[in-house]
Amino acid sequence: MSTSTAPLTVVLGQPPVERPRFRPDIEGLRAVAVLAVLAFHAAVPGLAGGFVGVDVFFVVSGYLITGLLRSESLATGKVRLAEFYSRRARRLLPSAAVVLAVVAVLGALLTAPLRRADLERDVLASALSVANWRFIAEQTDYLAAGRDPSALLHFWSLAVEEQFYLLWAPLLALAARWAWKRRTLLGLTVLLGAGSFWLSLHWSAGAYLSTPTRAWQFAAGAVIALLPVRRLPRVARELLGLGGLAAVLAAVLVFDARTPYPGHAALVPTLGTAAIILAGEQHLVGRALALGAPRAIGRLSYNLYLWHWPVLVLAEAQWGALHWGVKAALTAAAALPALAALHWLEQPLRRSRVLGEIPRRGLSLGLTAVVMPVVLALVVGSGTIRMLGPATPPDPAGLPPGARDGRSLLAAAPPANAPTVPNPVQARQDFPPDGACEVDPADTTSPPCRFGAGDDRIVLLGDSHAGQWFSAVLGIAAQHRLSVEELVKQGCPLPELTVVNPQLGRTYHECDTWRANALARLKAGPKPKLILVSALNRYTSDRAALLHGWEQTLAPLRESGVPIVYLQDTPIPGRDVPACVSGHPDTTSACDFPRSEALWADPLAEEITAGRFPGVRTIGVNQVLCPGDGRTCPAVLEHVLLYRDDSHLTNAAAVVLTARLDQLLVEAGVFGSGWTTLLHDGFDGPAGSRPDPANWQYDLGTCYPGCPAAQWGTGEIETMTDSTANVRLDGRGSLEIVPTRDAAGRWSSGRIESRRADFSAPAGGVLRVEAELALPAVNGPAAAGYWPAFWALGGKLRDGYTGWPGVGELDVLESVGGRGVFGTMHCGSTPGGPCKEPSGLGSGEQSCPDCWGAFHTWTVEVDRTAAPERVRWLRDGREYFAVTSDQVDPAAWDQAVHHGIFLVLNLAIGGNLPAAYGSSPTPATEPGHPMKISSVTVSTRS
């Protein structure tokens, strides 16, 4: 892929020649290199080591470029860098620019938008000759794994060559200026090559693609060009030629993806190529390589190399995975644009006298060839990024609540026109918010990663398939007053198995060390409340080896006596799901993937179920993530994009699954019986029926008996009734409270209270009041005056319905006019007082864009387990507001918090709060939009 001239033999002290002789055998050797690469990329059976063709190119380039520059320095006493770079630019850059431009345009037409944005960045990096470093960054980033291959991945080797030209030519120019002897330059080349080879053995991550770890192969060619050898004896030439070709072909036939590379294995094709070059032309292999057919392919090699890979990748982007025979045919077809580029672009520009007579013309041409694809990539890429929408992951607090049980993902079906959350570009970045706690492949210990305020803890242990559950486990821990300790390592099997890490490119010794350190930390530290383990279920298909590995890991954990729960692995799509969804925004089912490939047998889960691992329980969510018995699993379920890549859940999906995971752990008996349920109503019953009278009573009219405060004391305009037109079950597990308006414009609605008024937190314990509910699905002018609420009042209020606010009031949730939500505590006296009445101590309006129409879990807890005591407000298990006893006068706190309460569910129309927010009812206010409550639960923990 470089110039086609080079010296054959040079003897110290011999007069230099002006130009090195042409080597037709080296032109034929290029054919061997490119055919090997093409066969490898086409997945031709038996030629899995064809990637070594790149090594052949590197050695040839090192030889030719060094010979050319050295000959020039011997002939003229200097190296004309401008002329050298002008020749390189004329030959290499225009052909590359055309390929980059075509890929940028076709990529915009044939690839999914998200993949298109990646591709335009690849175009930019390739045009600037830094593609290898871009791909190194992706290859060594475990969290960026699972994406489709780039149509410009092969430009990594071109970038390495161009970086070699950029550094090696000035070095030889300095050598000429300082009149270095051949021995000095040879010694320096050997020294640099040795250092590069050493680095390739010790820097595993990125060694395949980096210039420093590939420089020794260029140096191998350079050494041959600098060796002061005469013409070798015929026998030596034949042996070198045959042995060298045998080494290259053996590497092509024997090496495969499991071969550690480059490393020691790269010596085989590198030294083999060097031997062929050293043998010269006059030997059997040299004469064979100099025949017409190999030379024709060799002349075409650069353009064929440029064109074949984009043809394959863009074809698979359009039609999916292809058979190797089809790939081979497409590779052969790539010869057509390659021939066109050779005859109509490369050769005319290379032979142009106009461009060649003044170096700056060739350099200007090269600069143009760089700028053109850069501009094109920036234009197409920026347009694509704007089209994809926001890239910041969604706020977990704004996600719809997940169902605790059943076969549905969400607690309530989303609207048919609901957007996909997260969108594809957000999904790419939707990682667990655990910082550096999911440690990189090179790390052997985890930092002290503890989240939450609980003294006791849940340990999350495993690989990235355990780490994907971080947010869910953190939410569960918060609900149970626990903290979370995360011990997670990327790509590291928790069972004791020996694996190769693709980021490091070798056996994953760091994993074994990390695993031992993690187990030792757990053994030495205080016992946790729970150890939750999870891991990718695909490190091996050897059932016996997998179970033995699990036994080795679980044995010391089981000895601790701590409950252990194995969370089964989630489905593996095996494709870049966000990229696919970005290309099918309206038909996301096109991105569903085969069930048979996504769900593998789980030997550990089977053995746990059979009772062969006492003390270990197993749970799983795959009946939701891949529901039914169909042939496919969904990529998007109930408008939730489930996967951030080809195997990991989005953080949004994990958050939505929090309630279900909590329920599974509760059913597994992990959290014991610390909570006592005082009230639970799931509102089951026939459509149109009344709520259970054993649990609920109605408030009627416009005030409590005796009317101590007209209009319920808050200025509402509706009349509360016990009609099923206003309060009824919907027959699908929810209670509806519906505002209605008659022909005269009079509003009616519903307000119910719990019959029990003695719900209270035990001394030293916790009271939890919780409801899963959706605010009315209405907004804008139609929602003006709507005031839905779920709240609690001090039980003493029922004794004559006087004494507010001293008896206390906890507003779990209220909202007005389709706006945000509030949580508030009232106490003491009014106006003013310790709770700043009549406003109370409140959260202020909290944004919740989907609360009006979507189910969420709303909770208020009175926590008397520590000083100061605390009342906290939570949405979907996440605390967003709290009031502590040291903020309130002790007597007022005692009256408001330490006595029984009753619950209130109502939907008011109009009143002081809507008016304060400019949302009083108008003729445009629409009746008939219900607040839906799927459950109400009151529980205590001593």
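Cut-offs and rules
- Residues numbered from 1 in each chain as written.
- Predicted model: local features only at pLDDT ≥ 70, side-chain atom pairs only at ≥ 80, totals over all residues.
- Heavy atoms only, no water.
- Helix = DSSP H or I, 4+ residues; strand = E, 2+ residues; numbered from the N terminus.
- Buried < 20%, exposed > 50% of the residue type's maximum accessible area, 1.4 Å probe, protein only.
- Contact = heavy atoms within 4.5 Å.
- Salt bridge = Lys/Arg side-chain N within 4 Å of Asp/Glu carboxyl O.
- Pairing = 2+ DSSP bridges.
- Core = buried A, V, L, I, M, F, W, Y, C linked by side-chain atoms within 4.5 Å.
- Axes fitted to C-alpha atoms, helices over the stretch in contact; angles between N-to-C directions.
- Parallel < 35°, antiparallel > 145°, perpendicular 65-115°, else oblique.
- Left-handed = near helix turned anticlockwise from the far one by under 90°.
- Nonpolar A, V, L, I, M, F, W, Y, C, P; charged D, E, K, R; others polar.
- Phe/Tyr/Trp six-rings, centres within 6.5 Å; stacked < 30°, edge-to-face > 60°.
- Lys NZ or Arg CZ within 6 Å of the ring centre and 35° of its normal.
- 1 Å grid on protein atoms, 1.4 Å probe; cavity = no way out; pocket = protein on both sides within 12 Å on 5 of 7 lines; lining within 4 Å.
- Points joined across faces, edges and corners; volume = space filled by probe spheres on them.
- Expected span 1.5 Å × (residues − 1).
- Arc of directions from axis to C-beta.
- Disulfide = S-S within 2.5 Å.

Right, let's talk about the overall build of the protein for a bit. When its secondary structure is counted, the protein shows 29 helices and 31 strands. Each principal axis of the C-alpha distribution contributes one length, and for the protein these read about 120 × 65 × 55 Å. By the burial criterion, 56% of the 942 residues in the protein qualify as buried. Considering only contacts within the protein whose residues lie at least 6 apart along the sequence, 77% involve residues at least 24 apart.

A pair can form between side chains of opposite charge whenever their charged atoms are brought close. Under the definition given, this model contains 41 salt bridges. The shortest N-O distance in the salt bridge between Asp 122 and Arg 115 comes to 3.9 Å. Look at Arg 115 and you get buried, because its relative accessible area is 9%. With a closest N to O distance of 3.8 Å, Asp 730 and Arg 732 form a salt bridge.

With mixed pairing, the three strands of this open sheet are ordered in space as β16-β20-β19. Pairing within the sheet leaves two strands with one partner each, and these edge strands are β16 (719-720) and β19 (740-741). Two elements, β16 and strand β20 (residues 747-749), share two bridges in a ladder whose sense is parallel. Paired with Thr 719 across the strands is Ser 748, a residue of β20.

This part covers the nonpolar core. Within soluble globular proteins, side chains that are nonpolar generally end up buried alongside one another. In this structure, Phe 155, Trp 156, Tyr 261, Ile 277 and Leu 306 are the most contacted members of the largest nonpolar core, which totals 96 residues. Those residues in contact with Trp 156 that lie beyond four places of it in its chain are Val 54, Phe 58, Ala 131, Asn 132, Phe 135, Tyr 208, Leu 209 and Arg 214. In terms of nonpolar packing, the next biggest core, distinct from the first, is built from 54 residues, Leu 813, Leu 841, Phe 881 and Val 936 among them.

Bringing the pairing of strand β27 (residues 855-863) into the picture now. In terms of burial, β27 is largely enclosed, as nine of its nine residues are buried. Neither face of β27 is open: one carries Phe 855, Thr 857, Thr 859, Glu 861 and Asp 863, the other His 856, Trp 858, Val 860 and Val 862, and all of them are buried. Looking at chain direction, strand β22 (residues 766-774) and β27 are connected through nine bridges and run antiparallel. Looking at the pairing, Arg 768 lines up with Glu 861 of β27.

A word on the packing of helix α12 (residues 292-319) against helix α14 (residues 335-351). Between α12 and α14, whose axes approach to 8 Å, the crossing angle comes to 125°. What the angle tells us is that α12 and α14 run oblique. For the pair α12 and α14, the sense of crossing is right-handed. For the pair α12 and α14, contact is made by Arg 299, Leu 300, Tyr 302, Asn 303, Leu 304 and Trp 307 and by Ala 335, Pro 337, Ala 338, Leu 339, Ala 341, Leu 342 and Glu 346, respectively. Tallied by class, the residues present in the contact of α12 with α14 amount to ten nonpolar, one polar and two charged.

Right, let's talk about the packing of aromatic side chains for a bit. The full count for this structure, using the stated rule, is 24 aromatic pairs. Judged by centre distance (4.7 Å) and plane angle (70°), the rings of Phe 451 and Phe 470 are edge-to-face. Remark: Phe 470 occurs in helix α19 (residues 470-479) and Phe 451 occurs in strand β2 (residues 450-451); sequence separation between them is 19 residues. Overall, Phe 470 belongs to the buried group, its relative accessible area being 1%. When the ring centre of Trp 712 is taken as origin, the NZ or CZ atom of Arg 751, which lies over that ring, is 4.2 Å away.

Applying the stated rule across the entire model yields eight cavities of 30 Å³ or more. Considering only enclosed or pocket space, the second largest cavity measures out at about 60 Å³ in volume. The wall of the second largest cavity is formed by Leu 93, Ala 96, Ala 97, Leu 100, Ser 126, Ala 127, Ser 129, Phe 155, Glu 162, Ala 369, Val 370 and Pro 373. Among the elements of the structure, α3 (81-110), α4 (113-127), α6 (155-177) and α16 (359-388) are those that each provide at least two residues to the lining of the second largest cavity. For the lining of the second largest cavity, the element with the highest residue contribution is α3, accounting for four residues.

All right, on to the packing of helix α13 (residues 324-333) against α14 then. Taken N-terminus to C-terminus, the directions of α13 and α14 make an angle of 15°; their axes are 5 Å apart at the nearest point. As far as their axial angle goes, α14 and α13 are roughly parallel. In contact with Thr 331, Ala 332 and Ala 333 of α13, α14 contributes Ala 335, Leu 336 and Pro 337. When its residues are assigned to classes, the contact of α13 with α14 shows five nonpolar, one polar and no charged.

Before going further, it helps to examine the pairing of strand β4 (residues 483-489). β4 sits mainly inside the fold: seven of its seven residues count as buried. Taking every second residue as pointing to the same face, both faces of β4 are buried, with Ser 483, Glu 485, Leu 487 and Lys 489 on one and Val 484, Glu 486 and Val 488 on the other. Inspection of the sheet shows strand β1 (residues 438-439) paired to β4 by two bridges, in the parallel sense. Pairing of Val 439 across the sheet is with Lys 489, part of β4. Relative to β4, β2 runs antiparallel, the two being bridged by two bridges. If you follow Arg 450 over to β4, its bridge partner there is Glu 485. Examined bridge by bridge, strand β3 (residues 457-462) and β4 share six bridges and lie parallel to one another.

Before going further, it helps to spend a moment on helix α2 (residues 53-76). The first and last C-alpha atoms of α2 sit 35 Å apart over 24 residues, in line with the 34 Å expected at 1.5 Å per residue. Of all 24 residues that make up α2, 21 are buried, and the element is covered over most of its length. Just past α2, the residue Gly 77 takes up positive phi, approximately 80°.

This paragraph deals with helix α7 (residues 182-202). Compared with an ideal rise of 1.5 Å per residue, which puts 21 residues at 30 Å, α7 spans 30 Å between its outermost C-alpha atoms and is within 8% of the ideal. Among all positions of α7, only Arg 182, Leu 185, Leu 186, Thr 189, Gly 193, Ser 196, Phe 197 and Ser 200 are buried. Summarising the axial view, the buried residues of α7 lie within an arc of 105°, below the 170-degree limit, and thus occupy one face. Exposed residues pointing more than 90 degrees away from the buried face of α7 are listed as Arg 183, Leu 191, Trp 198 and His 202. Where the residues of α7 are buried, they touch α2, α6, α8 (215-226) and α10 (267-279).

Among covalent bonds in proteins, the disulfide is the one between the sulfur atoms of two cysteines. Under the definition given, this model contains seven disulfides. Each sulfur of the disulfide joining Cys 580 and Cys 591 lies 2.1 Å from the other. Handedness here is read from the sign of the S-S torsion; for Cys 580 and Cys 591, about -95°, the answer is left-handed. Taken together, the residues span a long stretch of sequence, with Cys 580 in helix α22 (residues 577-583) and Cys 591 in the loop between α22 and β9 (593-594) at a distance of eleven residues. The disulfide partner of Cys 703 is Cys 707, and the S-S distance across this bridge is 1.7 Å. Residues Cys 703 and Cys 707 share a disulfide whose torsion about the S-S bond is about -70°; that sign makes it left-handed.

Turning our eyes to something else, we now look at the environment of Leu 253. Tracing the backbone shows Leu 253 in helix α9 (residues 234-254). Judged by its relative accessible area of 55%, Leu 253 is exposed. Along the chain, Leu 253 and Asp 681 lie 428 residues apart, while their C-alpha atoms are 69 Å from each other. The residues contacting Leu 253, other than those within four sequence positions of it, are Gly 46 and Leu 47.

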